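# Observations on chain architecture
Read off the chains here:
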Amino acid sequence: MLHLYDTATRKVRELELREPGKVGIYLCGPTVYGPPHIGHGRATLVYDVLRRYLEWTGLQVRLVSNVTDIDDAIINRANTENRPWQEITHKCESVWFEAMGKLGVARPSDIPHATEYVDQMVTMIGQLVEIGRAYATEDGVYLNVATVEDYGLLVNQKLSDMLEGGSDREVYGAENKHHPADFVLWKMAKPGEPSWPSKFGDGRPGWHSECVVMSLDLLGEGFDLHCGGMDLKFPHHENERAQAIALGKRFANHWMHNGFVVDTEGEKMSKSLGNVDNLLDLVENYDPRAYRMLLLQSHYRGPVSVTKDNIEAAEKVMAGFDSFAARTADVGDATPDQAVLVKFREFMDNDLDTPGATALLFDTVRRANAALDAGSKEVAALAAAVREICTAFGLVLVATHDVPAEIAAKATALDAARAAKDFAKADALRDELKVAGWTVETTSKGTVVRR
RNA sequence: GGCGACGUGGCCGAGUGGCUGAGGCAAGGGCCUGCAAAGCCCUCCACAUGGGUUCGAUUCCCAUCGUCGCCUCCA
């Protein structure tokens, strides 16, 4: 069974399932106010791999990932651009899923929207007020964090220490709060802002309330795993948890956080990648699978730098895999090599050791290629194991490309020239294909061209 | 001020108290090929600095230098 680092206990421990055979996962999704960036891509890819792996092991996975479609950033942009805020959220959401689709990220099982849960949030906030864990001021309703015993669990910080430093970010409602760490559950609407009615006054929910309500509604108390980027540990996850605890509810059983995309040179990612300044550009300009590959080769908790060189190296890896898929396309089905799969699971179950697992994958590909060259029957089982691992990773190998008629014709002509030992002509044809961007491979069955 | 990461061979990136210096990309050599490509084989012997613990440390401890993240709505 999968062992994962748990942020709350700061230990790698088994992911204990509330219900055998089923996993409920909540992933904090995007706030839809702008294009997704490379870091968003990392988060979704990490959890996509997690999900696919769990499914591959036979578990039934329910992955809930929300869309935050009401937020200050959205309102600000709407005001700046003088557009309806819904226009922004709809557009950004479609762009988001378009980008995720290109990355091969499977759609979540459920995609709750914050705006669909306002009533439930109002109810929950009302309960918190009733039991004295939250209070209203003129600008909003706040959670009284002092009443939450182990507040700071996820960040591993004492309340007093957190307050001492502090960042220079703006704090909503700072003047009226009882305690500096109290956070806003409901923001009273200012004139012209989108708002929903509530007994506290018209307003909108704070960010942290939506995820508690949605996760508990869809997954229920004590759900298995809550995940997101490192930066969500605090305040977001800490504050989600605080609300659940304040209500006396069991929240997530296990917490998982992925590392950041960093830039080694201290430059913005966009600069080091040249023509890439967001995820859409990345998937447009490079093989989207390369990003997944790059991430698989590093551990999900560590930082990873995404640079032109990195991505291009990963593209070459994928090209090699495609080539492998092509040359093993007709080896036939076989029972996957069990020794390989056992090792694969060992790597993955050890806190998602995808670097080790990819090393195993490369080794298996190499062995299969060698077996193929040697004419060994072993190739089928190894190739099947490779396919299994790729399934668990969400890597799609391309064995055949759509070849335009004129390119296919040239390949045929190339074979004819070679058969006639007209090598000058064959070389010329091959050069033409190369210039057109095709990789030309000579196989036992003739010339194969691929992108 | 607090919490926490990290500094590994040309590049990216794992990992461990003493035979893994993983793996990928790049580079060089070889096999294969009409020549290539693809594939296979081989080579390139690192672990920020200074101490300490130890029979032995890249791996444990301490310090130093450097880089970075979070500390109220950023994956």
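Only a predicted model underlies this, so the values are computations on that prediction, with no experimental measurement involved.

## A few points about the nonpolar core
Residues Ile25, Ile125, Leu143 and Leu185 are the most contacted members of the largest nonpolar core, which totals 112 residues. By residue number, the principal contributor to this core is helix H14 (residues 378-393), which donates eleven residues. Both domains that meet at this core, namely domain 1 (15-258) and domain 2 (269-393), each give it at least three residues. If near-sequence neighbours (up to four positions away) are discounted, Leu185 is found in contact with Ile125, Leu128, Ala134, Val141, Tyr142, Leu143, Gly206 and Ser209. By size, the runner-up hydrophobic cluster in this structure holds six residues, among which are Leu414, Ala426, Leu429 and Val449.

## Topic: unusual backbone geometry
Backbone torsion omega between Phe234 and Pro235 reads 0 degrees, so that peptide bond is classified as cis. By secondary structure assignment, the location of Pro235 is in helix H7 (residues 233-246). Not every positive phi belongs to a glycine, and Leu352 is a case in point at roughly 50 degrees. When you line up the elements, Leu352 lands in the loop between helix H12 (338-349) and helix H13 (354-374). Its identity is not glycine, yet Lys421 carries a phi of approximately 60 degrees, on the positive side. Among the structural elements, Lys421 can be located in the loop between helix H15 (405-419) and helix H16 (423-435).

## A closer look at the packing of helix H10 (residues 288-296) against helix H11 (residues 308-327)
In the contact formed by H10 and H11, the axes pass within 8 Å of each other and the chain directions differ by 100 degrees. When the axis of H10 is compared with that of H11, the two are roughly perpendicular. For the pair H10 and H11, the contacting residues are Arg289, Ala290, Tyr291, Met293 and Leu294 in the first and Asn310, Ile311, Ala314, Glu315, Val317 and Met318 in the second. Taken together, the residues of the contact of H10 with H11 break down into eight nonpolar, one polar and two charged.

## With respect to the environment of Gly34
Tracing the backbone shows Gly34 in the loop between strand S3 (22-27) and helix H1 (38-56). We classify Gly34 as partly exposed; it has 15 C-beta atoms within 10 Å.

## Quick look at helix H4 (residues 118-130)
In an α-helix, one turn spans 3.6 residues, which is why side chains three or four residues apart end up on the same side. Given a rise of 1.5 Å per residue, 13 residues ought to cover 18 Å, and the 18 Å separating the end C-alpha atoms of H4 matches this to within 8%. Looking at H4, one finds that the buried residues are Val118, Met121, Val122, Met124, Ile125, Leu128 and Val129. Down the axis, H4 shows its buried residues gathered within 165 degrees of arc, on one side only. Set apart from the buried face of H4 by more than 90 degrees, the exposed residues are Asp119 and Glu130. Residues of H4 that are buried in the fold lie against strand S5 (134-136), strand S6 (140-143), strand S7 (183-188), strand S8 (203-205), helix H6 (207-219) and H7. Once H4 finishes, Gly132 follows within two positions and takes phi at roughly 80 degrees, a positive value.

## Focus: the packing of helix H2 (residues 72-81) against helix H3 (residues 85-103)
One can describe the packing of H2 onto H3 by two numbers: an axis separation of 8 Å at closest approach and a directional angle of 115 degrees. Crossing angle aside, the handedness with which H2 passes H3 is right-handed. Where H2 abuts H3, its residues Ile74, Ile75, Arg77 and Ala78 lie against Trp85, Ile88 and Thr89. Classifying every residue of the contact of H2 with H3 gives five nonpolar, one polar and one charged.

## Description of the sheet that holds strand S9 (residues 225-229)
On the basis of which strands lie adjacent, the open sheet formed by four strands has the order S4-S3-S9-S10 and parallel pairing. The sheet is open, and its two borders are formed by strand S4 (60-65) and strand S10 (254-258), each paired with just one other strand. Neighbour to neighbour, the strand axes of the sheet diverge by 20 degrees on average, direction disregarded. Bridge analysis of S3 against S9 gives three bridges, and the strand direction is parallel. Directly across from Ile25, in S9, lies its bridge partner Leu225. Sitting on the sheet, H6 is in contact with S3, S4 and S9, with an inclination near 155 degrees to S4.

Scoring rules and cut-offs
- Residues numbered from 1 in each chain as written.
- Chains lettered and ligands numbered in written order.
- Predicted model: local features only at pLDDT ≥ 70, side-chain atom pairs only at ≥ 80, totals over all residues.
- Core = buried A, V, L, I, M, F, W, Y, C linked by C-beta atoms within 7 Å.
- Buried ≥ 20, exposed ≤ 12 C-beta atoms within 10 Å, placed from the backbone.
- Helix = DSSP H or I, 4+ residues; strand = E, 2+ residues; numbered from the N terminus.
- Domains from an automatic or database assignment.
- Contact = placed C-beta atoms within 7 Å.
- Axes fitted to C-alpha atoms, helices over the stretch in contact; angles between N-to-C directions.
- Parallel < 35°, antiparallel > 145°, perpendicular 65-115°, else oblique.
- Nonpolar A, V, L, I, M, F, W, Y, C, P; charged D, E, K, R; others polar.
- Expected span 1.5 Å × (residues − 1).
- Arc of directions from axis to C-beta.
- Left-handed = near helix turned anticlockwise from the far one by under 90°.
- Pairing = 2+ DSSP bridges.

The quantities given are spatial measurements derived from coordinates; they are silent on function.
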